[in-house]
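Report on the structure
Take a look at the letters that make up each chain.
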Protein chains: 2
Amino acid sequence: MSTVSALGYALLCLLDRGPSTGYDLARRLRRPIGYYWTARHTQIYPELARLAAAGLVTYQAGSGPGPRQKKTYTNTAAGRDALAEWLVTPAAPRAPKDELLLKTYAVAAADSSRMARLYLAAAAEHAQRLAEYRSQLTDLTDAGATGPGHPGFGNYATLRYGIAIEQQREAWCRWMASTLADHPS
Amino acid sequence: MSTVSALGYALLCLLDRGPSTGYDLARRLRRPIGYYWTARHTQIYPELARLAAAGLVTYQAGSGPGPRQKKTYTNTAAGRDALAEWLVTPAAPRAPKDELLLKTYAVAAADSSRMARLYLAAAAEHAQRLAEYRSQLTDLTDAGATGPGHPGFGNYATLRYGIAIEQQREAWCRWMASTLADHPS
DNA sequence: CTAATCATGTAAGGCGTTACATGATTTT
DNA sequence: AAAATCATGTAACGCCTTACATGATTAG
């Protein structure tokens, strides 16, 4: 009963919205899923092969641009069932990895003013992300994707989360920068 | 010039606050660093060996409880320098992995009421975390760790971040749950 | 004519987890 | 007497990135 990896389910999520080649899945994975899940094509191709072997996807092969065949993948009924079941299964907690927080823990061992610049740069990045997310949210709001039932609701909901988090992180980074600036070491 | 991994720097951060055995580092890594960085002892022991080989830490060996020697590690001057330099170096962006957001993206393919329960359970977990963080923040505030210069400031600053994020995430989970409940599929 | 895009794969190596292995001391 | 804690390691395996490899079509 070959278990499917999270990446496998991510691909099933994408294929649920429409058939794609592996190449296309890599492109579609960049936005908006790339904000909370990423994978390179080198991971995607073998994973698609595993999903096909498990009977969760099928493909139609045609002639491709390169020396190999181009394969267009679709979810099978088993794939849709597996996806629906996975969606309502609580996720195992993942190990968090946040290098900026790790650095913050040891802030006493660093030069304050150089460290403050780090937080300002991070704040600027978050501000830029925030602008990106907000513009995408506007588009989705205009399209009426603010409720479940609308096909864009998944995107809308994740964007709302992203906006809330980026706001907090930007504010926290600015607070760190100003706190360090007020207190040179 | 053997490059040091993020885990290596995490260990240097801990050793900067006091010498430890590998076992003790694993324990100290659980809280509060465990909130934003984790590692098992199976990763820590080889990493300490690499740090020692690179001259960033030294150890004093004594007789241990088991068949092997117990080693107490300390940062060297080179280790402290490497740490100070790493702290002010911008981190390379990490690939985010958030299974709940991935599921949210595909929410249209799931049963609404079962999915709503998932968000409620997640919200409850965040509420519990929030209570934990708040109680620790109170202790640190009482200890006067609210400004840089105080040795507990690193903990204080990361807790403030954690509280802000957990609040947002809890609120977002509750919003998702109620939005799905209002709109059964 | 050059670069980008479309399209699919393999191989080597780092990071991280789980399971395996040993054995003294302290607590229940 | 049993369980937890202290203490250190190795081995196998999965996940993920970087580099390697091929070649047609389209846009500048």
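Relevant structure appears above.
Overview of the structure.

How each quantity is defined
Residues numbered from 1 in each chain as written. Chains lettered and ligands numbered in written order. Predicted model: local features only at pLDDT ≥ 70, side-chain atom pairs only at ≥ 80, totals over all residues. Heavy atoms only, no water. Helix = DSSP H or I, 4+ residues; strand = E, 2+ residues; numbered from the N terminus. Rg over C-alpha atoms; globule rule 2.2 N^0.38 Å. Buried < 20%, exposed > 50% of the residue type's maximum accessible area, 1.4 Å probe, protein only. Contact = heavy atoms within 4.5 Å. Near = heavy atom within 4 Å. Polar contact = N/O pair within 3.5 Å; in protein donor to acceptor, adjacent residues only side chain to side chain. Nonpolar A, V, L, I, M, F, W, Y, C, P; charged D, E, K, R; others polar. Pairing = 2+ DSSP bridges. Axes fitted to C-alpha atoms, helices over the stretch in contact; angles between N-to-C directions. Parallel < 35°, antiparallel > 145°, perpendicular 65-115°, else oblique. Least-squares fit on C-alpha atoms with pLDDT ≥ 70 in both.

**Some points on the overall build of chain A**
A tally of helices and strands in chain A yields 7 helices and 3 strands. For chain A, the N- to C-terminal ordering of α and β elements is α-β-α-α-β-β-α-α-α-α. Relative to the 2.2 N^0.38 estimate, which gives 16 Å for 185 residues, the radius of gyration of chain A is 21 Å and therefore markedly larger than a compact globule would have. The C-alpha extent of chain A, read off along each of the three principal axes, is 65 × 40 × 35 Å. Relative to its 185 residues, chain A shows a buried fraction of 49%. Long-range contacts, defined here as pairs at least 24 residues apart, represent 58% of the contacts in chain A between residues at least 6 apart.

**Things to note about the protein's contact with DNA strand D**
Near DNA strand D, the surroundings consist of 20 residues, among which A:Pro65, B:Thr42, B:Arg68, B:Lys70 and B:Lys71 are the closest. If you look at DNA strand D and keep only atoms within 4 Å of the protein, 64% of those are sugar or phosphate atoms. A distance of 3.3 Å separates a base oxygen of DNA strand D from a polar side-chain atom of A:Thr42. Take B:His41: an N or O atom from its side chain is 3.1 Å from a base oxygen of DNA strand D. Of all the secondary-structure elements, those providing two or more residues to the surface near DNA strand D are helix H3 (41-53) of chain A together with helix H2 (22-30), helix H3 (41-53) and strand E3 (69-75) of chain B. Its residues placed into classes, the surface near DNA strand D shows 6 nonpolar, 9 polar and 5 charged.

**Let's talk about the environment of B:Leu118**
By secondary structure assignment, the location of B:Leu118 is in helix H6 (residues 112-142). Taking the relative accessible area as the measure of exposure, B:Leu118 reaches 9% and is therefore buried. Between the C-alpha atom of B:Leu118 and that of B:Gln60, which follows or precedes it by 58 residues, the distance is 50 Å. For B:Leu118, the contacting residues outside a window of four places in its chain are A:Leu87, A:Val88, A:Thr89, A:Pro90, B:Leu100 and B:Lys103.

**Quick look at the sheet that holds E3(B)**
Residues and elements named next belong to chain B. What the 3 strands build is an open sheet, ordered E1-E3-E2; its pairing is antiparallel. Both outer strands of the open sheet, strand E1 (20-21) and strand E2 (57-63), are each paired with one neighbouring strand and no more. Sheet topology places E2 next to E3; 7 bridges connect them, and they run antiparallel. Bridge pairing in E3 links Ser63 to Gln69. Seen against the sheet, helix H1 (residues 6-16) touches E1, E2 and E3 and runs at an angle of roughly 85° to E3.

**Observations concerning the packing of helix H1 (residues 6-16) of chain A against H3(A)**
Residues and elements named next belong to chain A. Between H1 and H3, the least distance of the axes is 10 Å, while the angle of their chain directions is 80°. Comparing their axes, H3 and H1 come out roughly perpendicular. Residues Leu7, Gly8, Leu11, Leu12 and Leu15 of H1 form the contact with H3, whose own contacting residues are Gln43, Ile44, Glu47, Leu48 and Leu51. When grouped by side-chain class, the residues that make up the contact of H1 with H3 number 7 nonpolar, 2 polar and 1 charged.

**Digging into the relation of the copies chain B and chain A**
For the match of chain B to chain A, the screw axis carries a shift of 0.0 Å, the RMSD comes to 0.0 Å, and the turn is 180°. What the superposition gives is, in effect, a two-fold axis relating one chain to the other. Every residue of chain B has its C-alpha some distance from the rotation axis, and the shortest such distance is that of B:Ile165, at 3.2 Å. Take the interface residues of chain B: 100% of them recur as interface residues in chain A, which is what a same-surface contact looks like.

**Section: the sheet that holds strand E3 (residues 69-75) of chain A**
Residues and elements named next belong to chain A. Within the open sheet, the 3 strands sit side by side as E1-E3-E2. Their pairing is antiparallel. Edge positions in the open sheet fall to strand E1 (20-21) and strand E2 (57-63), since each of these has one partner strand only. Across 2 bridges, E1 lies against E3 in antiparallel orientation. Bridging across to E3, Ser20 finds its partner in Tyr73.

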